[in-house]
Amino acid sequence: MSLKIMIAGCAKEEKDAVGSSVKKAFTDRPQDEPWSVSVVKVANQWSVEINGPEARYKGLSIVAPLGDLTGSLKNAIASAGKHSPKPAAATPNGNGDEKKDRHDCEGCSAPFEVIYTSLPGERQEVCPVACPQCWHVNHVPIAEGAGATGDYRAQAAS
Ligand SMILES: [Zn+2]
């Protein structure tokens, strides 16, 4: 793994210890990930900025107590990792809004509704939806998470 560590604001002797604390936090990351961490001692704590391989790991900044740099880094990375836009993170029932989009079937021209749960600001992607009347497969945009889990259904529009 490529891990760049910048350390400032502390004594030279401290830098080795800080460097190895930082490295410890990254030992279980995949080999090919590029990370950079800048650690600055401010007053009695570490001010840390982390930049990782994915958008959710860019510009993470945390404040860590002097004694627990490794743990604080691990926590920050783990909680940023949970902000994944992957389907597992999408709430199937609950926080999202149920959407009902109306489309006309390309096969039989009958209108139908596609029902799915969409999170605020969620992107859409085009997914196959079988017409409830003639089973022609239409391709319509629905929320990314619902599309990925197949958690959507079509019904005849009234
Ligand atoms: Zn149809």
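Residues numbered from 1 in each chain as written. Predicted model: local features only at pLDDT ≥ 70, side-chain atom pairs only at ≥ 80, totals over all residues.

Chemist: Any chance you could explain the overall build of the chain here in plain terms?
Modeler: Within the chain one finds three helices and nine strands. Ordered by position from N to C terminus, the α and β elements of the chain give β-α-β-β-β-α-β-β-β-β-α-β. For the chain, whose C-alpha radius of gyration is 24 Å, the value lies well above the compact-globule estimate of 15 Å for 158 residues. Projected onto its principal axes, the C-alpha coordinates of the chain cover approximately 75 × 30 × 20 Å. Residues counted as buried form 20% of the 158 residues belonging to the chain. Long-range pairs, those at least 24 residues apart, make up 45% of the contacts in the chain between residues at least 6 apart in sequence. (Helix = DSSP H or I, 4+ residues; strand = E, 2+ residues; numbered from the N terminus. Rg over C-alpha atoms; globule rule 2.2 N^0.38 Å. Buried ≥ 20, exposed ≤ 12 C-beta atoms within 10 Å, placed from the backbone. Contact = placed C-beta atoms within 7 Å.)

Chemist: Quick question: what am I supposed to make of the sheet that holds strand 9 (residues 152–156) here?
Modeler: Sheets are built from strands that pair by backbone hydrogen bonding, the pairs being arranged parallel or antiparallel. Judged by pairing direction, the sheet is antiparallel, and its three strands sit side by side in the order 5-6-9 without closing on themselves. Looking at which strands have only one partner, the edges of the open sheet turn out to be strand 5 (97–104) and strand 9. Looking at each pair of strands side by side, their axes are set apart by 25 degrees on average, direction ignored. For strand 6 (residues 111–118) and strand 9, the ladder comprises five bridges, and the chain directions are antiparallel. Of the residues in strand 9, the one forming a bridge with Y116 is Y152. (Pairing = 2+ DSSP bridges. Axes fitted to C-alpha atoms, helices over the stretch in contact; angles between N-to-C directions.)

Chemist: Help me understand helix 2 (residues 69–82) in this model?
Modeler: In an α-helix, one turn spans 3.6 residues; hence positions three or four apart end up facing the same way. Compared with the 20 Å implied by 1.5 Å per residue over 14 residues, the 20 Å span of helix 2 between its first and last C-alpha is a close match. The set of residues buried in helix 2 consists of L69, L73 and I77. Each buried residue of helix 2 lies within a common arc of 60 degrees when the element is viewed along its axis, so the set occupies one face. More than 90 degrees from the buried face of helix 2, the exposed residues found are A78, S79 and K82. In this structure, the buried residues of helix 2 make contact with helix 1 (12–25), strand 3 (45–51) and strand 4 (60–65). (Expected span 1.5 Å × (residues − 1). Arc of directions from axis to C-beta.)

Chemist: Help me understand helix 1, please; the structure alone is not making it clear to me.
Modeler: When the terminal C-alpha atoms of helix 1 are compared, their 21 Å separation across 14 residues agrees well with the 20 Å that a helix rising 1.5 Å per residue should span. All of the buried residues in helix 1 are V18, S21, V22 and A25. Across the axial projection of helix 1, the buried residues extend over an arc of 95 degrees, all falling on one side. Of the exposed residues in helix 1, those oriented more than 90 degrees away from the buried face are K12, E13, D16, A17 and S20.

Chemist: Can you help me understand the domain arrangement of the chain in this one?
Modeler: Frequently, the measure chosen for interface size is the accessible area removed from exposure when the parts meet. Taken domain by domain, the chain consists of domain 1 (2–82) and domain 2 (89–156). Taking the mean C-alpha position of each, domain 1 and domain 2 sit 42 Å from one another. (Domains from an automatic or database assignment.)

Chemist: How should the confidence of the model for the chain be read in this particular structure?
Modeler: Should pLDDT be low for a region, the predicted coordinates there are not to be read in detail. Averaged over all residues, the pLDDT of the chain is 90; the fraction at 70 or higher stands at 92%. Per-element confidence in the chain ranges from a low mean pLDDT of 92 for helix 2 to a high of 96 for strand 8 (residues 137–143). (pLDDT = per-residue confidence, 0-100.)

Chemist: I tried to follow the sheet that holds strand 1 (residues 2–8) on my own but got confused; where do I start?
Modeler: One open sheet holds the four strands; their spatial order is 1-2-3-4, and the pairing between them is mixed. The strands lining the two open edges of the sheet, one partner per strand, are strand 1 and strand 4. Neighbour to neighbour, the strand axes of the sheet diverge by 20 degrees on average, direction disregarded. Packed on one face of the sheet, helix 2 meets strand 3 and strand 4 and runs near 150 degrees to strand 4.

Chemist: I tried to follow the nonpolar core on my own but got confused; where do I start?
Modeler: In a soluble, globular protein the nonpolar side chains are often hidden away together inside. Within the largest apolar cluster, 14 residues are counted, with the highest numbers of intra-cluster contacts made by V22, V37, V39, V48, L69 and L73. Filtering out sequence-adjacent residues up to four positions away, V37 remains in contact with L3, I5, V22, V48 and I50. With eleven residues, the next largest nonpolar core counts F112, V114, C131 and I142 among its residues. (Core = buried A, V, L, I, M, F, W, Y, C linked by C-beta atoms within 7 Å.)

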